[in-house]
Protein chains: 2
Amino acid sequence: MSAFRNLQLPSKSFALGRSFFNRTSVLARRNMSTEQKFVQAPHKLLVIPGPIEVTDEVLFANAHPSMSHMSLDFAAVFGDCIRMTRDILYSKDAQPFLIAGSGTLGWDQVSANLVEPGENALVLHTGYFADSFADCLQTYGAKVDQIKAEVGGVVNEADVESALKAKKYKVVTVTHVDTSTAVLSNIKAIAEIVKKVSPETLVVSDAVCAVASEEIQMDAWGIDVVITASQKGLGTPPGLSIVVASQKAIKVFESRSTPVTSYYASWKKWLPIMKSYESNTASYFATPPVNLIYAYHASLTQITTGSVSLQQRFALHQAASRRIKDAAEEIGFRSVPVSEEVRANGMTALYFPEGFVASDIVPRLLKKDVVVAGGLHGAIKEKYFRIGHMGVSVIDPQRGDVDKVINALKETLAEAKASKA
Amino acid sequence: MSAFRNLQLPSKSFALGRSFFNRTSVLARRNMSTEQKFVQAPHKLLVIPGPIEVTDEVLFANAHPSMSHMSLDFAAVFGDCIRMTRDILYSKDAQPFLIAGSGTLGWDQVSANLVEPGENALVLHTGYFADSFADCLQTYGAKVDQIKAEVGGVVNEADVESALKAKKYKVVTVTHVDTSTAVLSNIKAIAEIVKKVSPETLVVSDAVCAVASEEIQMDAWGIDVVITASQKGLGTPPGLSIVVASQKAIKVFESRSTPVTSYYASWKKWLPIMKSYESNTASYFATPPVNLIYAYHASLTQITTGSVSLQQRFALHQAASRRIKDAAEEIGFRSVPVSEEVRANGMTALYFPEGFVASDIVPRLLKKDVVVAGGLHGAIKEKYFRIGHMGVSVIDPQRGDVDKVINALKETLAEAKASKA
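Criteria and thresholds
- Residues numbered from 1 in each chain as written.
- Chains lettered and ligands numbered in written order.
- Predicted model: local features only at pLDDT ≥ 70, side-chain atom pairs only at ≥ 80, totals over all residues.
- Heavy atoms only, no water.
- Helix = DSSP H or I, 4+ residues; strand = E, 2+ residues; numbered from the N terminus.
- Rg over C-alpha atoms; globule rule 2.2 N^0.38 Å.
- Buried < 20%, exposed > 50% of the residue type's maximum accessible area, 1.4 Å probe, protein only.
- Contact = heavy atoms within 4.5 Å.
- Areas by Shrake-Rupley, 256 points an atom, 1.4 Å probe, with all protein chains shown as cover.
- Lys, Arg positive; Asp, Glu negative; His and termini not counted.
- Charge placed at Lys NZ, Arg CZ, Asp CG, Glu CD.
- Buried area = accessible area lost by both parts, 1.4 Å probe.
- Polar contact = N/O pair within 3.5 Å; in protein donor to acceptor, adjacent residues only side chain to side chain.
- Nonpolar A, V, L, I, M, F, W, Y, C, P; charged D, E, K, R; others polar.
- Domains from an automatic or database assignment.
- Axes fitted to C-alpha atoms, helices over the stretch in contact; angles between N-to-C directions.
- Parallel < 35°, antiparallel > 145°, perpendicular 65-115°, else oblique.
- Left-handed = near helix turned anticlockwise from the far one by under 90°.
- Core = buried A, V, L, I, M, F, W, Y, C linked by side-chain atoms within 4.5 Å.
- 1 Å grid on protein atoms, 1.4 Å probe; cavity = no way out; pocket = protein on both sides within 12 Å on 5 of 7 lines; lining within 4 Å.
- Points joined across faces, edges and corners; volume = space filled by probe spheres on them.
- Pairing = 2+ DSSP bridges.
- Least-squares fit on C-alpha atoms with pLDDT ≥ 70 in both.
- Salt bridge = Lys/Arg side-chain N within 4 Å of Asp/Glu carboxyl O.

Visitor: What should I look at first to understand the overall build of chain A in this one?
Guide: From N to C terminus, chain A includes 18 helices and 14 strands. Taking 22 Å as the expected radius of gyration for a compact globule of 421 residues, we find that chain A reaches 22 Å, a close match to that expectation. Seen through its principal axes, chain A has C-alpha atoms that stretch 70 × 65 × 30 Å. Each of the 421 residues in chain A was classed as buried or not, and the buried ones make up 65%. Here the contacts in chain A between residues at least 6 apart in sequence split such that 71% fall between residues at least 24 apart. When the accessible area of chain A is evaluated, it comes to approximately 14,900 Å², of which 52% is carbon and sulfur surface. Each charge class in chain A was averaged separately, 44 positive and 42 negative side chains, and the resulting centres sit 4 Å apart.

If you want it as structure tokens, here you go:
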């Protein structure tokens, strides 16, 4: 893959300070390779659907000494990040945008750059995040239609086909994994329908909770925009908006007839910057989140060059997901997604068993140092909770994170039952 | 100050991991307080006008283990950051917005929330950043007039008064310190003129390169919006957009007659979130840059509770600035700002002496491990360079950063002269 050619290894850039070496020299002599390693502080296990647990190497990179965003050293690291982002999506030539911001900023990028005021957008609704994406599109002047799935389900593909035949849409948006319901949409099948019925329509995937935990073949499947962020499957602290646009999407952007309707999210500003950094030269529009780019680089390096291949990574997410869902259902929890094939592999949403509420379960898990997330989907908010299982927690079995989650769930429910007995 | 009441001290939250303690126990017994300290890697001295050198404590906080953005622990830290941000601006009740993004996002916030399409904005132009702010305002539909200063100068106050008398402006924008020229505008005097001539007009200060290096009395001087970012005087890695709005500005925002024209930058979305975090309760619109908030908290704690008071901090910036400017001018460099009173205290912009160009000076400084910035202002881009002197580099004399910069400048010019002899 292209990224491997020009790789800066963490071991080179992230060496600890000389003064530190001197002070630990006695110990360092005993075991040079491990004694100098930065080890993050002990903490509760974070298994919400993002931010997720990240490796010591990633956190250490986030503590990189200050660097000029205009330096050659930093430009090479940024360039690597662009190339490795593309690699993770199996894309040859799509254009990544790495911008300081949260995942939400990706919606603004799509709404302000690809949809002109008055144009139609079709939003496939599988939960909370579709409402928000629709709100964002409307803010920038799009006319939005939604196809809504039942809670825990995905939209009917025949409905998508009918909608596309009835009206011309500039974009169709799909939430690949809806973080509010843990529902997995079949983005490949939807992209196929769009290509068949309305090939000019751009397929936009909100993949914030899917990238690096679900397989995404951007080029092969014909996805035009993948929106994500640093803090989920990509295993990096939050603060980086990551959007990848196909060359078809870039052409649509370049042939706009009206001006872009955002300044900070404008690809007119960012496209030359990203091209410049990819050629390992710095260029300025707004200061990038330098330390976070180093952290992202460390994580991308682990993902793309580690001992676990991308395909193995997806398989490990599937296996962990199955273990957690099976264990939870065995003791009386029920998955929010309505069927096996619409269940995400990087997170789980579980209804509390009959007679139990959030305050019976979530605080008990917290006492066992397991941090999960509450409900988010308005219609069922109080009836369920969410567990994230992405990145190092499922890739590195020695951590025992999945076991810890399963055991904590079992103990918690037993205690909750006992307290009501 | 309000922030001190509810303070989480770094020593408590940022303790190193247990496994680390075990391994260093022999040394730890010798000197418990210093041996456990995280020390950043040796690196070139970064003296560009942002990002700046940051302390070990700030970098260590940036390597905080992953935390839920919805946790009580994190909410308290976020709440502290809001309160301490207000304290640094000597404001009693202004509203901070802390959002993942670069300083540029602050312009979008002003343009999308405070200026409705078709309304007038007056931009006082002292360099590169006024052009960009004007561009941003126009993107969101504002009608922009500019008053342009000569390169290195500030706008004529009488011209501001005339402009305000001739037309009704929703906002006047001032670049407090223009990072492209190191020109310091008299924001206090301009705010006075606005209050006198057009009291309804909001005074917006682009203070990205001024906050925490120049005194800003937000309430007393009547500034309505202060735009800044984490990576300059505030001594934190880049990636956090910081905007502080007066209650008057918030009222103007709340009485808009048209919808806000951005989604990610919308105060309608962020205001409830900021209020929630300030009451130490988490609330969700978009995932905050959690680690960077911990880093910002560490830096704000050092700034507001360290041994150096805020007033001393400003005095130290003035003293360092004078030393660097005097030393540079003594050997033949000339300041870009045209007079003593318009020189910023956190940075210096210097014309190369007659007969010398960037390639004579900047690479030689780099060889001495001193990283400066090239020119940015289009009209003089090749004729000058920029030095940043903010934060810990000027606050902690033991680092010797200012001496290092001055010595490197002297040696560099001597070498450059010798090479031409």
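Visitor: Can you walk me through the interface of chain A and chain B in this structure?
Guide: Accessible area lost upon the coming together of the parts is a frequently used measure of interface size. Taken residue by residue, the interface counts 68 residues in chain A and 68 residues in chain B. Taking both partners together, chain A and chain B bury about 5,200 Å²; carbon and sulfur atoms supply 63% of that area. Scanning the region where chain A abuts chain B turns up 17 residue pairs in polar contact (both at pLDDT 80 or more). Within the residue set of the side of chain A that touches chain B, elements represented by two or more residues are helix H2 (18-23), helix H4 (32-35), helix H5 (56-62), helix H7 (104-113), helix H8 (128-139) and helix H14 (290-305) of chain A. For the side of chain A that touches chain B, the element with the highest residue contribution is H8(A), accounting for six residues. When grouped by side-chain class, the residues that make up the side of chain A that touches chain B number 37 nonpolar, 23 polar and eight charged.

Visitor: Where do I start with the domain arrangement of chain A in this structure?
Guide: Residue and element names in this part refer to chain A. Domain boundaries assigned for chain A yield domain 1 (1-35), domain 2 (72-304) and domain 3 (310-420). Listed by partner, the interface residues are 29 residues for domain 2 and 25 residues for domain 3. Together domain 2 and domain 3 conceal approximately 2,100 Å² of surface at their shared face, both sides included; 65% is due to carbon and sulfur atoms. Among the residues domain 2 hides against domain 3, the three largest losses belong to Val-151, Ala-182 and Ser-213. Together they make up 23% of the total.

Visitor: Looking at this structure, I do not really get the packing of helix H9 (residues 157-166) of chain A against helix H10 (residues 187-197) of chain A. What am I missing?
Guide: The geometry of a pair of packed helices is captured by two quantities: the angle between their axes and the separation between those axes. Residue and element names in this part refer to chain A. Interhelical geometry of H9 versus H10 gives an angle of 30° and a closest axis separation of 10 Å. Our classification of the angle between H9 and H10 gives roughly parallel. For the pair H9 and H10, the sense of crossing is right-handed. Here Glu-157, Val-160, Glu-161, Leu-164 and Lys-165 of H9 lie close against H10, whose contacting residues are Ala-189, Ile-193, Val-194, Lys-196 and Val-197. A breakdown of the residues in the contact of H9 with H10 according to their chemical character gives six nonpolar, no polar and four charged.

Visitor: Explain the nonpolar core to me, please; I cannot follow it from the model alone.
Guide: Soluble globular proteins tend to bury their nonpolar side chains together. Counting residues in each nonpolar core, the largest one holds 240 residues, and the members touching the most others are Phe97(A) and Phe97(B). Setting aside residues up to four positions removed in sequence, Phe97(A) forms contacts with Gln109(A), Ser241(A), Ile242(A), Val243(A), Ala245(A), Ile250(A), Trp267(A), Trp270(A), Leu271(A) and Met274(A).

Visitor: Could you clarify how one ought to interpret the layout of surface pockets in this entry?
Guide: Rolled over the atoms, a probe as big as a water molecule pinpoints where empty space is left. Estimates place the volume of the second largest pocket at around 1,300 Å³. Lining the second largest pocket are 45 residues, and of these Ser68(A), Met70(A), Ser71(A), Leu72(A) and Val371(B) lie nearest its centre. Where the lining of the second largest pocket is concerned, the elements lending two or more residues are helix H1 (10-13) and helix H6 (72-88) of chain A together with helix H16 (358-367), strand E13 (370-371) and strand E14 (384-388) of chain B. When residues of the lining of the second largest pocket are assigned to their parent elements, the largest contribution, five residues, is made by H16(B). For the lining of the second largest pocket, the residue count by class is 24 nonpolar, 14 polar and seven charged.

Visitor: Hey, could you run me through empty space enclosed by the protein in this one?
Guide: The tally for this structure, following the rule as stated, stands at eleven cavities of 30 Å³ or more. Quantified by volume, the largest cavity comes out at close to 150 Å³. The wall of the largest cavity is formed by 17 residues, among which Tyr284(A), Gly103(B), Phe129(B), Val208(B) and Lys232(B) lie closest to the centre. Here the lining of the largest cavity is composed, by residue class, of eight nonpolar, seven polar and two charged. Its volume calculated, the second largest cavity comes out at about 80 Å³. Contributing to the lining of the second largest cavity are Asn62(A), Pro238(A), Gly239(A), Pro289(A), Asn291(A), Leu292(A), Asn62(B), Pro237(B), Pro238(B), Pro289(B), Asn291(B) and Leu292(B). Elements with a contribution of two residues or more to the lining of the second largest cavity: H14 of chain A together with helix H14 (290-305) of chain B. For the lining of the second largest cavity, the class distribution of residues is seven nonpolar, five polar and no charged.

Visitor: How should I be thinking about the sheet that holds strand E12 (residues 347-351) of chain B in this particular structure?
Guide: Strands belonging to one sheet form pairs held by backbone hydrogen bonds; the direction of such a pair is parallel or antiparallel. Residue and element names in this part refer to chain B. Strand order in the open sheet formed by three strands is E11-E12-E14, and the pairing between neighbours is antiparallel. At either end of the open sheet lies a strand with only one pairing partner, and these are strand E11 (334-335) and E14. Examined bridge by bridge, E12 and E14 share five bridges and lie antiparallel to one another. Bridge pairing in E14 places Ala-349 opposite Arg-386.

Visitor: Please clarify how the relation of the copies chain A and chain B should be interpreted in this entry.
Guide: Think of it as a corkscrew move, a rotation about one axis and a shift along it, taking one chain copy to the other. The transform that puts chain A on chain B rotates by 180° and translates by 0.0 Å along the axis, for an RMSD of 0.0 Å. Given the turn and translation reported, the copies of this chain are related as if by a two-fold rotation axis. Among all residues of chain A, the minimum C-alpha distance to the rotation axis is found for Gly101(A), at 2.2 Å. With an isologous cut-off of 70% or more, the 100% of interface residues of chain A that recur at the interface of chain B puts this contact in the isologous class.

Visitor: Would you explain the pattern of salt bridges in this entry?
Guide: By the definition in use, this model includes 44 salt bridges over all chains. Of the charged contacts in the structure, one is a salt bridge between Glu329(A) and Arg343(A), with a shortest N-O distance of 3.2 Å. Note that Glu329(A) is positioned in helix H15 (residues 310-330) and Arg343(A) in the loop between strand E11 (334-335) and strand E12 (347-351), a separation of 14 residues in sequence. With relative accessibility at 14%, the residue Arg343(A) sits in the buried group. Of the charged contacts, one joins Arg399(B) and Asp401(B) as a salt bridge, the two residues approaching to 2.8 Å between their closest N and O atoms. Each of Arg364(A), Lys368(A), Glu411(A) and Glu415(A) takes part in salt bridges that share partners, so that together they form one network.

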